[in-house]
Amino acid sequence: TGLFTHDPAFTATSSCESKITFIDGNEGQLLYRGYPIEQLAEKSNFLDVAYLLLFGETPSASERETYRQEIEDYSLINESLKTFFEGFHYDAHPMAMLMGVVGSLSAFYPDALNIRDADTRRKTALRLVAKMPVISAAIYKHSIGEPFVYPNPKLGYTENFLNMMFSRPNQDYEIDPLAARALDVLFILHADHEQNASTSTVRLAGSTGTNPYAAIAAGIASLWGPAHGGANEAVLKMLDDIGDISQVDKYIAKAKDKNDPFRLMGFGHRVYRNFDPRATIIRKLCHEVLAKYGSDPRLDLAIKLEEIALKDDYFIERKLYPNVDFYSGIIYSALNIPVNMFTVMFAIARTAGWVAHWNELVTTDHKIGRPRQLYTGLTQRNFK
Ligand code: CMC
């Protein structure tokens, strides 16, 4: 190609320098700001991890107090957003609503364009982290025709989300600590993953100097597809389609058949060529959650699929392993989160990574992202 490298799908292109997340795909290693994901999942919590991604260190006790207060203050959404929700039919896909509502925040916060100002950037980042669960729960309530539940300042981040999703007027709702912890761990595991498609989308949009809420809405759009964040929804649909252990072999054969577009959803990863450390943590968590909430035949199906695939030459040769999305949906289901909300759950968590990358981009020397192409069309001809 002469002047530039042709690398469609960016399989061998580094697009930026970053200090946020490190992945060693051969070793199955994932670090946020140097900390192994296993340690963060065991000992930290999502809000602290979001802070770590954004600012480089976990907060000190006094920083945590200020930060939690800011998250609480920013969690309220403008009342006029309610009319925006009402514009959507009840059965609109939650990701479609999320994209629209988050994009509309750029109209509420035009000052966010002042990206040179550190206070404004902090406000934007924390507003997004704070509002995502509130908007997401409101989307769910809209889809089932129930009134929105306001965030409760007495509750933690994940507890608040469960309360906004499942509490109803005049009915008691008790938050199960295991449900809250399981969800918090899932949020930690999904919080960042370096230059994946949606984060790269946020960076590319951000590189033009656009309103950051618009850049995050672009990230949500990119996350939605089944090859990326939409895979968790696709896995559960696949498990329901398979239906019974006796059908597993048939689906494995379909996944291997090059004339069949079917892929084993929740399997394979561009970077992990050994195992996905997040899948290992989630598989264990899945067993803990189901031990309390009752068994789900889909877990047995998933285990069987994994067992067969890991012994099959097709998957071995191509280094295909279960990824983060393979088991997460079974946990969401046990917690009563509907299948079409699964990718929204991913988006709530990934917002921490998106804002950290956007902040890193705009605070370092950067140019507009502008790939080139290999033109394969007609050469010049005359128009008559
Ligand atoms: N089932 C069957 N075959 C597969 C699968 C699969 N899930 N994944 C990859 N392959 C095959 C693929 O057909 C190709 O075979 P061949 O070399 O014979 O043509 C080979 O493995 C390499 O695949 P690729 O599509 O070139 O790999 P990629 O790095 O471009 O794609 C992927 C990665 C994750 C999009 C892909 O593995 C996939 O579609 N997986 C299913 C969807 C999924 O679970 N996505 C979630 C990813 S993790 C969370 C996230 O990023 O959001």
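Keep in mind the model is a prediction, meaning the values are calculated, not measured.

Novice: Could you clarify how one ought to interpret the packing of helix α8 (residues 177-190) against helix α13 (residues 277-293) in this entry?
Specialist: The description of two packed helices rests on the angle between their axes and on the distance between the axes. Where α8 meets α13, the axes come as close as 11 Å, and the angle between the chain directions of the two elements is 165 degrees. Between α8 and α13, the angle is such that the two are roughly antiparallel. Relative to α13, α8 is oriented so that their crossing is left-handed. Contacts between α8 and α13 involve Leu178, Ala179, Ala182, Val185, Leu186, Leu189 and His190 from the first element and Arg278, Ile281, Ile282, Leu285, Glu288, Val289, Lys292 and Tyr293 from the second. Looking at side-chain class alone, the contact of α8 with α13 contains 11 nonpolar, one polar and three charged residues.

Novice: So what exactly am I meant to see when it comes to the side chain of Asp312 here?
Specialist: Following the sequence through the fold, Asp312 ends up in the loop between α14 (297-311) and α15 (313-317). Residues within four places of Asp312 in sequence aside, it is in contact with Ile252 and Lys256.

Novice: What is the right way to look at the confidence of the model for the protein in this model?
Specialist: Detailed reading of predicted coordinates is not advised where the pLDDT is low. In the predicted model, the protein carries a mean pLDDT of 96, and 99% of its residues have values of at least 70. Overall fold confidence (pTM) sits at 0.96, and the ipTM for the predicted complex is 0.97.

Novice: For this particular structure, what's the right way to read the site of the ligand?
Specialist: Near the ligand you find 22 residues, and of these His228, Lys258, Arg263, Leu264 and Arg270 are the closest. Interatomic distance of 2.7 Å between a side-chain N/O atom of His228 and an oxygen atom of the ligand. Within the contact set of the ligand, an oxygen atom lies 2.7 Å away from a side-chain nitrogen or oxygen of Arg270. Relative to its unbound accessible area of 940 Å², the ligand is 74% covered by the protein chains.

Novice: Can you walk me through the UniProt feature "active site" (unreviewed entry) in the protein in this structure?
Specialist: In the UniProt entry, the feature "active site" (unreviewed entry) is given for His269 and Asp325. A maximum C-alpha distance of 10.6 Å among these annotated residues, which run over 57 residues, shows that they cluster at one spot. The subset of the named residues that lines the second largest cavity consists of His269. Within the element layout of this structure, His269 appears in the loop between α12 (248-256) and α13. Owing to a relative accessible area of 23%, His269 belongs among the partly exposed residues under this scheme. Its relative accessible area of 4% is what places Asp325 among the buried residues. Leaving out residues up to four positions away in the same chain, Asp325 has contacts with His190, His228, Ala231, Asn232, Val235 and Phe346.

Novice: Just checking my understanding: could you explain the packing of helix α5 (residues 94-108) against helix α6 (residues 118-144) for this structure?
Specialist: Closest axis-to-axis distance for the α5/α6 pair is 10 Å, and the angle between their directions is 135 degrees. The orientation of α5 with respect to α6, classified from their angle, is oblique. Judged by the twist between their axes, the crossing of α5 over α6 is right-handed. Two secondary-structure elements touch here, α5 through Pro94, Met97, Leu98, Val101, Val102 and Leu105 and α6 through Leu128, Lys131, Met132, Ile135, Ser136, Ile139 and His142. Of the residues contributing to the contact of α5 with α6, the split by class is 10 nonpolar, two polar and one charged.

Novice: What's the story with the sheet that holds strand β1 (residues 21-24) in this structure? I'm lost.
Specialist: Pairing between the strands of a sheet is mediated by backbone hydrogen bonds and can be parallel or antiparallel. Spatial strand order, β1-β2-β3: three strands in an open sheet with antiparallel pairing. The open sheet is flanked by β1 and β3 (35-36), the only strands paired with a single partner. Here β1 pairs with strand β2 (residues 29-32) via four bridges, running antiparallel. For Ile23, the partnering residue across the bridge sits in β2 and is Leu30.

What counts as what
- Note on numbering: residues in each chain are counted from 1, in written sequence order.
- In view of the model being predicted, local features appear only for residues whose pLDDT reaches at least 70, and side-chain atom pairs are presented and counted only at 80 or more, with totals across whole chains, interfaces and linings using the full set of residues.
- Side-chain calculation: all heavy atoms of the structure are included, whereas hydrogens and water are not.
- Between N-to-C directions, angles cover 0 to 180 degrees, with each direction set by a line fitted to C-alpha atoms, over the stretch in contact for helices.
- Strands here mean DSSP runs of E at least two residues long; helices mean DSSP runs of H or I at least four residues long; both are numbered from the N terminus.
- Here is the rule for angles: anything less than 35 degrees is roughly parallel, anything more than 145 is roughly antiparallel, 65 through 115 is roughly perpendicular, and the remaining ranges are oblique.
- Helix crossings fall into two classes, left-handed where the near helix is turned counterclockwise from the far one by less than a right angle and right-handed where it is turned clockwise.
- Contacts are assigned to residue pairs that have any heavy atoms within 4.5 Å of one another.
- Think of it as three bins: nonpolar holds Ala, Val, Leu, Ile, Met, Phe, Trp, Tyr, Cys and Pro, charged holds Asp, Glu, Lys and Arg, and polar takes everything else, Gly as well.
- Values of pLDDT, ranging from 0 to 100, describe the predictor's confidence in every residue of the model.
- The criterion for a residue being near a molecule or strand is simple. One of its heavy atoms has to lie within 4 Å of it.
- Pairs of N or O atoms within 3.5 Å make up the polar contacts considered here, provided that, within protein, one atom can donate a hydrogen while the other can accept it, and that residues adjacent in sequence are counted only when both atoms are side-chain atoms.
- Calculation of accessible area relied on Shrake-Rupley with a 1.4 Å probe; when residues are assessed, cover is drawn exclusively from the protein chains displayed.
- UniProt positions are given in the numbering used here, feature names are shortened, and annotations may be inferred rather than shown by experiment.
- Here a cavity is any set of points on a 1 Å grid over the protein atoms alone where a 1.4 Å probe fits but cannot get out, and a pocket is any open set with protein on both sides within 12 Å along at least 5 of 7 lines; a residue lines the site when it has an atom within 4 Å of a point.
- Exposure classes here rest on a 1.4 Å probe applied to the protein chains alone. A residue is buried below 20% of its type maximum, exposed above 50%, and partly exposed in between.
- For two strands to be treated as a pair, DSSP must find at least two bridges joining them.

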